[in-house]
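Understanding the architecture of this molecule
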Amino acid sequence: MVRRFRVQQKILVPYLGSILLLFVLFSCVTLFKIRNQVQHSVMTEAQDMLGLNVAEIRGFFVERGRIPRTLFEDPFILQWFMKYRIFRAPVANDPDYHRIITLFQNLLAADSTLNSVYFATENTQEYFDEEGRYEEDGYYVKDRPWWHKAVQMRKLYCELSGYDYEDSTMAASLQMPVFLSDGRLLGVGGVDIEIQTISRLVERMKYHGEGQAFMVDESGKTFVFPGQHPDLWYMQTLDVLDDAFNARGFQELGKQMRQNLSGEGHIVWHGVSHLVLFANIHSNQPYFRSQLAFMIPEHLITTQVRRMTWETMRLILLAGILVVVFGTMQTLKVIRPLDALSSRLHMIANEKPDLTQELPVTTHDAIGQTAKNFNIFLKQIHKLVTALVQHTKDTALRTNQLHGSYQSISDGSQHMSESIEQVATTSKEMVLHVEEVMQGVKEVARLSKQFLEIIGQGKDLVKTRMQKMGEITQGTISLFEDMKKLHADSNDLIQMVKVIEDINNRIALLSINASIEAVKAGERGRGFAIVAKEIESLSQGTAQTNQQTLQVVQSFSESMERFQHDLQNMKESMEIERRSFTAISEMFMYLADHAHHADEAAEQMQIENQQQVESLRMINESIQDVFNSARQVADSIAQSEEQIGRVYEQMQNLQKSAEAFKID
């Protein structure tokens, strides 16, 4: 069984499937790009944040680095320390000394990040800060490692001083060697700054409220790790942090940070996977080399990626729904007329065909033109079916009338057959009676001598025969009138047969026209072709039957004419017989008066009776021929009636088939 799909399904299913496939491919590509873009955006945002903090930390050291450079380039300070050449020279009353100390104190008061401002002299190896000259015995600056490192560096640099467990602070020194214009070393000056400020800055580094930052120096040792106790990380390489924090990935991260100034890595921190971004903090004034690293929980990236993915998927799904709905509406708008055309053709082919309902023409494209051509074709079919229905109704009406006429003719033929049969019986009886009369005449001739004895009986017998002859004469006259009427009916029957022949010719013409229209209609006209073929066959059968009926009726008419002629002769003979019987009566009267003329009258009666017998025999034979002809006519009429009944049934079926089309 072939499954039937509607036009919508044949068009919409591939269309929607293609759109869905394209949207799936587009969604996959888009989601992949969005994931990369979101990840890139998050990384860019985190790197920007890292860069801003790197710049802020660099700016912090650069800004603090200006203090020793500005301070120890001041000619007043340089001149005073150039003049100071005696170890622990008295300075209590020296205003320039107090001025310098006051300057150091003012600097500390102006900047809370400064812990100390100091200068160590080359000449006396003494140490001066905001509190004045350091008076502890045995303290010589050249015995300190930082002095030699500063002299060796020959530039302003940052030195990490260490962690103060007493106040839990970390400090660093921005120090520099101070040279005179002639190149002689005057001393080492600098400022101590709180790394805690940097630690707080690093601690504030968060990405959407999460994350952890830390700093390592140029040797790869950690010197800032907010939130964790310094015993675990201070000045420790990253290699040991995996064990210290029960983490994974710090060792590999340390290798990457030693090999690259900036980049990214991965660690597992507190059981959570983190993406680590690191960047170099580079400064020449003061000289400072370190790296700032920031650990971002990867779920922040995946959450944003997931959020952006779902938002994009919702947008894509909404766009897909809109495209599908719009495409479906447009497609249905295009194929709806085709669906209507298919439905109308299905209804015409399988249900009661309604030829009055036309398709609406809403567009001017090929579909609209198809609907317009279908309406034109429907009008032509409507016109042809209307004509066919009208012709069928007319034919059925005339066939019905013909059926009634044939019924009347059949009844008349039956009545005529019965009348003829009655006439034949009467004629036979009359022959018998005439023969009896003839025997009586012979007996009268033979017994002429006894005539007088039986004259009375002969007179009564002649009277009886006169009455019987009168009845026969009246029957003959009535039969003659019936024959006239039957002759007139046969003429009417011939006219009716001609009418049937005319109807048959019109049916044949209608069959030819229906065949032509069926050929024009093509495959849709096969039903009309079959009906036209049946009508043609029916027309041929009816024509043959009409021809046979016409021949039989014409033969019947000719026989009726002969029978009428014979009846006319019989009437005349009967009239002669009547006059003869009258003469016989007179003769009997005369014999009664003149008995001596009995022999001559008996001989004359014998001759006349012989003639009557011959005439009656001829009449009887003619009546028998008429009876046989009437029987044949009745049989032909019965056959014609059967043929006309079949024609009438076929016309009824044709009318029902034509009425299946709704044309009103």
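Residues numbered from 1 in each chain as written. Predicted model: local features only at pLDDT ≥ 70, side-chain atom pairs only at ≥ 80, totals over all residues. Heavy atoms only, no water.

Points about the pairing of strand S6 (residues 185-194)
When you tally the buried positions in S6, you get nine out of ten residues, the bulk of the element. Pairing of strand S1 (residues 114-121) with S6 involves seven bridges; the strand directions are antiparallel. Considered in S6, the bridge of Thr121 is made with Gly187. (Buried < 20%, exposed > 50% of the residue type's maximum accessible area, 1.4 Å probe, protein only. Helix = DSSP H or I, 4+ residues; strand = E, 2+ residues; numbered from the N terminus. Pairing = 2+ DSSP bridges.)

Quick look at the pattern of salt bridges
In this structure the tally under the stated criterion is eleven salt bridges. Of the charged contacts, one joins Asp182 and Arg184 as a salt bridge, the two residues approaching to 2.7 Å between their closest N and O atoms. Here the salt bridges do not stand alone but share partners, grouping Arg88, Glu126, Arg133, Glu135 and Asp137 into one network. (Salt bridge = Lys/Arg side-chain N within 4 Å of Asp/Glu carboxyl O.)

Re the packing of helix H2 (residues 75-83) against helix H3 (residues 95-110)
The geometry of a pair of packed helices is captured by two quantities: the angle between their axes and the separation between those axes. Viewed as axis vectors pointing N to C, H2 and H3 meet at an angle of 130°, and their least axial separation amounts to 11 Å. As far as their axial angle goes, H3 and H2 are oblique. The two elements H2 and H3 cross, and the hand of that crossing is left-handed. Where H2 abuts H3, its residues Phe76, Ile77, Trp80 and Phe81 lie against Asp96, Tyr97, Arg99, Ile100 and Leu103. Taken together, the residues of the contact of H2 with H3 sort by class into seven nonpolar, no polar and two charged. (Axes fitted to C-alpha atoms, helices over the stretch in contact; angles between N-to-C directions. Parallel < 35°, antiparallel > 145°, perpendicular 65-115°, else oblique. Left-handed = near helix turned anticlockwise from the far one by under 90°. Contact = heavy atoms within 4.5 Å. Nonpolar A, V, L, I, M, F, W, Y, C, P; charged D, E, K, R; others polar.)

Some thoughts on the nonpolar core
In terms of nonpolar packing, the biggest core is built from 80 residues, with Ile57, Phe61, Phe214, Met215, Phe250 and Leu292 touching the most fellow members. If one sorts the elements of this core by residue count, helix H1 (residues 7-71) sits on top with 13 residues. Setting aside its immediate chain neighbours within four residues, Phe214 contacts Val202, Val224, Phe225, Leu238, Phe250, Leu253, Gln291, Leu292, Ala293 and Met295. Counting residues in hydrophobic clusters, the runner-up holds twelve residues, among them Ala120, Tyr127, Trp147 and Tyr157. (Core = buried A, V, L, I, M, F, W, Y, C linked by side-chain atoms within 4.5 Å.)

A closer look at the confidence of the model for the chain
Considering every residue of the chain, the mean pLDDT works out to 79; 78% of them sit at 70 or more. Scored below 50 in pLDDT, residues 1-5 shows one contact in the model against residues more than four places distant or in partner chains. (pLDDT = per-residue confidence, 0-100.)

Overview of the side chain of Ser290
Tracing the backbone through its elements, the reader meets Ser290 in strand S12 (residues 287-297). If we skip the residues at most four places from it in the chain, Ser290 touches Met215, Val216, Asp217, Glu218, Phe223, Ala279, Asn280 and Ile281.

Here's the deal with the packing of aromatic side chains
By the definition in use, this model includes 27 aromatic pairs. Between Trp80 and Tyr84, the ring centres sit 5.3 Å apart and the planes meet at 10°, which makes this aromatic pair stacked. With respect to burial, Trp80 and Tyr84 carry one shared label: buried. On the numbers, 5.2 Å between centres and 50° between planes, the contact of Phe225 with Phe245 is tilted. Of the two residues, Phe225 sits in the loop between strand S8 (221-224) and helix H6 (230-233) while Phe245 sits in helix H7 (residues 241-245), which places them 20 residues apart along the sequence. Each member of the pair, Phe225 as well as Phe245, is classed as buried. One aromatic cluster in this structure is built from Phe72, Trp80, Phe81, Tyr84, Tyr97, Phe119 and Phe128. The positively charged end of Lys155 is found above the aromatic ring belonging to Tyr287, 4.0 Å away from the centroid. (Phe/Tyr/Trp six-rings, centres within 6.5 Å; stacked < 30°, edge-to-face > 60°. Lys NZ or Arg CZ within 6 Å of the ring centre and 35° of its normal.)

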